[in-house]
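# Fold and contact review
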Amino acid sequence: QVQLVESGGGSVQSGGSLRLSCAASANTFTMGWFRQAPGKEREGVASLDNFSRTTYADSVKGRFTISRDNAKKTLYLQMNSLKPEDTAMYYCAASRVMATLAPQMYHYWGQGTQVTVSS
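All of these numbers come straight from a predicted model, not from anything done at the bench.

What counts, and at which threshold
Counting from 1, residues in each chain are numbered in the order their sequence is written. Reporting of local features is limited, given that this is a predicted model, to residues whose pLDDT is at least 70; pairs of side-chain atoms are given and counted only at 80 or more, and all residues count toward the totals for whole chains, interfaces and linings. Side-chain descriptors were evaluated using all non-hydrogen atoms of the structure, hydrogens and water having been removed beforehand. As used in this record, nonpolar core signifies buried Ala, Val, Leu, Ile, Met, Phe, Trp, Tyr and Cys residues forming a set joined through side-chain atoms within 4.5 Å. Relative accessibility decides the category of a residue: with a 1.4 Å probe and only protein chains considered, values under 20% of the type maximum give buried, values over 50% give exposed, and everything between is partly exposed. Runs of H or I in DSSP of at least four residues are treated as helices and runs of E of at least two as strands, each being numbered from the N terminus. Any two residues whose heavy atoms approach within 4.5 Å are treated as being in contact. We count a salt bridge whenever a side-chain nitrogen from Lys or Arg sits within 4 Å of a carboxyl oxygen from Asp or Glu. Note on aromatic contacts: the rings of Phe and Tyr and the six-membered ring of Trp form a pair at centre separations within 6.5 Å, being stacked when their planes are under 30 degrees apart, edge-to-face when over 60 apart, and tilted otherwise.

## Overview of the nonpolar core
- In this structure, L4, W33, L77, M79 and Y90 are the most contacted members of the largest nonpolar core, which totals 29 residues.
- Only strand 3 (18-24), strand 4 (30-36), strand 5 (43-49), strand 7 (64-69), strand 8 (74-79), strand 9 (88-95) and strand 11 (113-118) provide two or more residues apiece to this core.
- In this view, M79 contacts G16, S17, L18, L20, R63, F64, Y90 and V115; residues no more than four positions away in its chain are not counted.

The following block contains the structure:
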């Protein structure tokens with residue numbers, strides 16, 4: 001199986017930036033970032049597959065960038081111009097197949113890293 005460990009979360013004021021990292025024990029076909037706020041459904045944020053295809057939620061387009069370093073087996077999420085509505089637990093996920101932003105398509109999950117954006 002694939003183990004995933006997120007890091008880089010924290011508290012930041014509106015307009016600030018954070019970069020999340022996800023260290024993986026193995027490479028997979030697709031990796032993605034998801035987030036979940038209290039009382040809300042888990043939401044797909046961004047995904048990246050082995051064809052370098054990216055998918056972003058409309059709410060983060062132009063502000064977030066997903067990238068990877070295959071040699072380090074690490075996935076990143078650069079988050080700029082953060083807003084209070086970005087506050088959530090952010091999860092790294094991996095899929096052995098082609099996938100976009102549907103959580104059910106991912107096989108492996110990290111335990112999450114908290115991102116809090118204050119006004």
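## Observations concerning the pattern of salt bridges
- In the structure shown here, the tally under the stated rule is five salt bridges.
- Between R35 and E43 there is a salt bridge, with its nearest N and O atoms 2.9 Å apart.
- E43 sits in the partly exposed class, given a relative accessible area of 31%.
- One salt bridge in this structure joins K61 and D58, with 3.3 Å as the shortest N-O distance.

## Some details on the packing of aromatic side chains
- The final tally for this structure, using the stated rule, is four aromatic pairs.
- Considering the side-chain rings of F29 and F51, the 5.6 Å spacing of their centres and the 90 degrees angle between planes classify their relative orientation as edge-to-face. Of the two residues, F29 is situated in the loop between strand 3 and strand 4 and F51 in the loop between strand 5 and strand 6 (54-56); the sequence distance between them amounts to 22 residues.
- Taken together, a centroid distance of 4.9 Å and an interplanar angle of 55 degrees make the contact between F34 and W109 tilted.

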